Amino acid sequence: MSANRRSVTLLHHGLLAFLSLVFSLPFLWMLSTSMKADDEIIHDPMVWFPEIPNRVRHSPYLDVEAHPPRWRRPSTFPESRDWDGFVRQLREETWTRAKTLFTDPSWPQARGPEEPAFFTKARKDIEDFLWMAVHNRVPEGDWAGPEAARLFVERITQEDVAKAWLRVYRGIEIGGFYFRNASARDIGRGEGSMGRKVPYTIRGSEQPVEIARADIGIVSPSEKLEQIMVRIKGDASYHRLSATLLYRGSGYRTEAPTLLSLGEYQDVFWTFNPQRKYEVEHLTLTPDPNLRNDLPDHMARMILYLLPTPYWRVVWERLTENCQEVFRWVPYATYTWVTVKITFWNILGQLLACSLVGFAFARLSFPGRDLLFVLMLATMMLPPQVTMVPQFVLFSKLGMYNTLFPLTIMSFTGAPFFIFLMRQFYMGIPQDLTDAAKIDGCGYFTIYWRILLPLVKPALAAIAIFQFQNTWNEFLQPLIYITDEDKTPMSVGLFIFRQTQAQGGQWAELMAAASMMTFPIIFLFFFTQRYFIQGVTLTGLKG
């Protein structure tokens, strides 16, 4: 009998664990999507888990695709033909075409001596990329004919092969140095290594590696250098890029480096002023007296360094990159702080008002008490949309529009359901406690504060959890009353971010913002579920 009971218990726990996993799948999917790169979101087949970055010690290197695409059967491909066999034939012909275009003298970039061997190693990734790039160019009707493979291969261009190769063959390229004055006009330029990758090898964990150096002449001694732009193609290694500048007898060093997280060209800016809000993102150069400068005033020297990044930080930066992008695009920290303030005052107001009113309905005897209680419960049937316009007009006349006051003051009047919950708890406490306190000389407020309130903690916890969830997710009220960005809570901020960024395809950043908004509710319920369940259960047992 004991063994059977244990089996049933294990079955129940296993079923609960399975159901918990099933119901948490949407949140887990949102969480994983918030860590994905853009190409992983639109990938076919669907990518469930983000790719872990490479541990790069040497560059250039091959970035093998962790999520190969699916060679999906076209709808017009004959059912009688073997699709798997056709794919094998198509891969062979695609590879032959890719090798021919790669070795052609018109190849758009200079090839290093090691590239042909790397190109052969990357065969599968190149074939997959060419399939994704070219198969949509083949008309649907052509897949039904016997020349489908040839028609596909003929549409592969040298540009397609170059894009496929650059996708898997990572390396740093320096497009050029541009020294500019206060008017953003070039006063000096330096050549880079565009089309040629800069090799490096990381030998020590913290030893910087010099990857580029440029001596640049300034057009006129009267021109003052204010901004430096360097076109850089990163290698997606997440190593950090720093720089030193020798200019007019002084030496400067990058205050904080930037991450080489992308595998494409980008413009990196350096200025002598700290980053300010709404400015183009740039790095700051600060004076360094340890740098010796022997250059004449009409010359400037810039040296770029690669700072090795520990692998644990590489993984962290990769998985939190989208969250960091959210904070760059919108003042998400301000949204969070406003939401915390509104939530705090709403919880405080509900706990204070509902505990007092519930105590009055449960322990005080006055004419019309039961009628007032019924009328209060009847207000639960009144839709909030009915009172929305009158409240808005009232708060506008009082000069409270575009303030947080309308979002917090109504909680100090209590909520009918929470008042009912508190009354039921108070009614379940023996009347003898109240009578004994009266005999000892306690007033009603003392009875409420010192005797009854400590006994209804489960109900207070349930109210706090419910109110936290309601306020944290409230969208309509802040949208109506708030216009300033510095008073916007996260719910409206998320909507603003979606309106401004989702059209640009930044779905991963949108998922990251939504995940950050959801985390507090998940954590709150996880750590307070005992009080929540106890409060709801005891409410149903007492009356």
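Every chain's residues receive numbers from 1 upward, in the order its sequence appears when written. Side-chain atom pairs in this predicted model are given and counted only at pLDDT of 80 or more, local residue features only at pLDDT of at least 70, and totals for whole chains, interfaces and linings cover all residues. Heavy atoms throughout the structure, all of them, feed into the side-chain values; hydrogens and water do not.

1. Let's talk about the side chain of Gln158
The line we're drawing: Secondary structure is summarised from DSSP: a helix means a run of H or I of at least four residues, a strand means a run of E of at least two, and numbering begins at the N terminus for each. A 3.5 Å cut-off defines polar contacts: any pair of N or O atoms within that distance qualifies, except that in protein one atom must be a possible hydrogen donor and the other a possible acceptor, and neighbouring residues in sequence count only when both atoms are side-chain atoms. By the convention used here, residues are in contact when the closest approach between their heavy atoms is within 4.5 Å.
Within the fold, Gln158 resides in helix H7 (residues 158-168). A distance of 3.3 Å separates a polar atom in the side chain of Gln158 from a polar atom in the side chain of Ser106. What Gln158 contacts, discounting residues up to four positions off in sequence, is Leu101, Asp104, Ser106, Trp107 and Pro108.

2. Looking at the pattern of salt bridges
Quick reminder of the rule: When a carboxyl oxygen of Asp or Glu lies within 4 Å of a side-chain nitrogen of Lys or Arg, that pair is called a salt bridge. Exposure is judged per residue with a 1.4 Å probe applied to protein chains only, and the accessible area is read against the type maximum: over 50% gives exposed, under 20% gives buried, and values in between give partly exposed.
Summed over all chains, the structure comprises 26 salt bridges. Between Glu223 and Arg185 there is a salt bridge; the shortest N-O distance is 2.5 Å. Taken as a pair, Glu223 in the loop between strand E7 (209-217) and strand E8 (227-233) and Arg185 in the loop between strand E4 (173-180) and strand E5 (186-191) lie far apart in primary sequence, 38 residues in all. With its nearest N and O atoms 2.9 Å apart, the salt bridge here joins Arg189 to Asp186. We classify Asp186 as partly exposed; its relative accessible area is 23%.

3. So, the nonpolar core
Note on soluble globular proteins: their nonpolar side chains tend to be buried together. Selection criterion: For this analysis, a nonpolar core means a set of buried residues of the types Ala, Val, Leu, Ile, Met, Phe, Trp, Tyr and Cys, connected via side-chain atoms within 4.5 Å.
Judged by nonpolar contacts, the single largest core of 35 residues is most densely connected at Phe177, Phe179, Leu245, Trp270, Met302 and Leu304. Those elements that place two or more of their residues in this core are E4, E7, E8, strand E9 (240-247), strand E12 (265-271), strand E13 (283-287) and strand E14 (299-307). If one sorts the elements of this core by residue count, E7 sits on top with 5 residues. If we ignore the near neighbours within four places in the chain, the residues touching Leu304 are Ile174, Phe177, Val209, Glu210, Ile211, Ala212, Val230, Ile232, Leu241, Ser242, Ala243 and Trp270. Leu62, Phe86, Ile156 and Val161 belong to the second largest nonpolar core, which has 31 residues in total.

4. Observations regarding a nonpolar patch on the surface
How we decide: Any residue with relative accessible area above 30% and no salt bridge may belong to a patch, with like charges joined within 9 Å and the nonpolar Val, Leu, Ile, Met, Phe, Trp and Tyr side chains within 5 Å. The Shrake-Rupley method, run with a 1.4 Å probe sphere, supplies the accessible areas, and residue values consider only the shown protein chains as cover.
Taken together, Phe344, Trp345, Leu348, Leu352, Leu356, Phe412, Phe445 and Trp449 make up a surface patch of nonpolar side chains, about 810 Å² in accessible area. Elements that contribute at least two residues to the nonpolar patch include exactly helix H9 (332-363) and helix H15 (444-452). Among the elements that make up the nonpolar patch, the one with the highest residue count is H9 (5 residues). In this fold, Phe445 is placed in helix H15.

5. Overview of the packing of H9 against helix H10 (residues 369-378)
Applicable threshold: Here an axis means a line fitted to C-alpha atoms, over the contact stretch when the element is a helix, while the angle between two N-to-C directions is reported on a 0 to 180 degree scale. Roughly parallel refers to an angle under 35 degrees, roughly antiparallel to one over 145, roughly perpendicular to one between 65 and 115, and oblique to any angle outside these ranges. Two helices cross in a left-handed way if the nearer one is turned anticlockwise from the farther one by less than a right angle. They cross in a right-handed way if the turn is clockwise.
Relative to each other, H9 and H10 sit at 140 degrees, their axes nearing to 10 Å. For the element pair H9 / H10, the angle class is oblique. Note on packing geometry: the crossing formed by H9 with H10 is left-handed. Counted together, Ala360, Phe361 and Ala362 of H9 and Arg369, Leu372, Phe373 and Met376 of H10 form the full contact between these two elements.

6. A look at the pairing of strand E10 (residues 250-254)
Spelled out, the test is: The pairing criterion is simple: DSSP has to find at least two bridges between the two strands.
Two elements, E9 and E10, share 4 bridges in a ladder whose sense is antiparallel. By the bridge assignment for E10, Leu245 is matched with Tyr252. The antiparallel pairing of E9 with E10 creates a hairpin that spans 2 residues between the two strands, and Arg248 there sits at a positive phi of about 50 degrees. Sheet analysis places E10 next to E13, joined by 3 bridges and oriented antiparallel. By the bridge assignment for E13, Thr254 is matched with Leu285.

7. Quick look at the environment of Asp215
When you line up the elements, Asp215 lands in strand E7. Separated by 86 residues in sequence, Asp215 and Arg301 have C-alpha atoms that sit 4.5 Å apart. Residue contacts for Asp215: discarding those within four places in its chain leaves Met299, Ala300 and Arg301. A distance of 2.6 Å separates polar atoms of two side chains, one belonging to Asp215 and the other to Arg301.

8. Quick notes on the packing of aromatic side chains
Aromatic ring pairs are described here by two measures, namely the spacing of the ring centres and the angle between the planes. Spelled out, the test is: What counts as a ring pair is set by centres within 6.5 Å for rings of Phe, Tyr and Trp (its six-membered ring), and what kind of pair is set by the plane angle: stacked under 30 degrees, edge-to-face over 60, tilted for all other angles. In our convention, an over-ring charge means Lys NZ or Arg CZ found within 6 Å of a ring centre and within 35 degrees of that ring's normal.
With the rule as written, the count across this model stands at 37 aromatic pairs. A centroid spacing of 5.0 Å and a plane angle of 70 degrees characterise the contact between Tyr252 and Phe272, whose relative ring orientation is edge-to-face. In this pair, Tyr252 is assigned in strand E10 and Phe272 in the loop between E12 and E13, connecting sequence segments 20 residues apart. What makes Phe272 partly exposed here is its relative accessible area of 22%. Pairing Phe392 with Tyr481 gives two aromatic rings, centres 5.6 Å apart and planes at 45 degrees, and the pair type is tilted. Of this pair, Phe392 sits in helix H11 (residues 384-397) while Tyr481 sits in helix H17 (residues 476-481), and the two are 89 residues apart along the sequence. Taking relative accessible area as the criterion, Phe392 reaches 28% and is therefore assigned partly exposed. Among the aromatic residues, those joined into a ring-pair cluster are Trp71, Phe77, Trp83, Phe86, Trp131, Trp143 and Phe152. A cation over an aromatic ring shows up here: Arg111 above the ring of Phe102, its NZ or CZ 5.4 Å from the ring centre. Note that Arg423 overlies the ring of Phe373, its terminal NZ or CZ placed 4.2 Å from the centroid.

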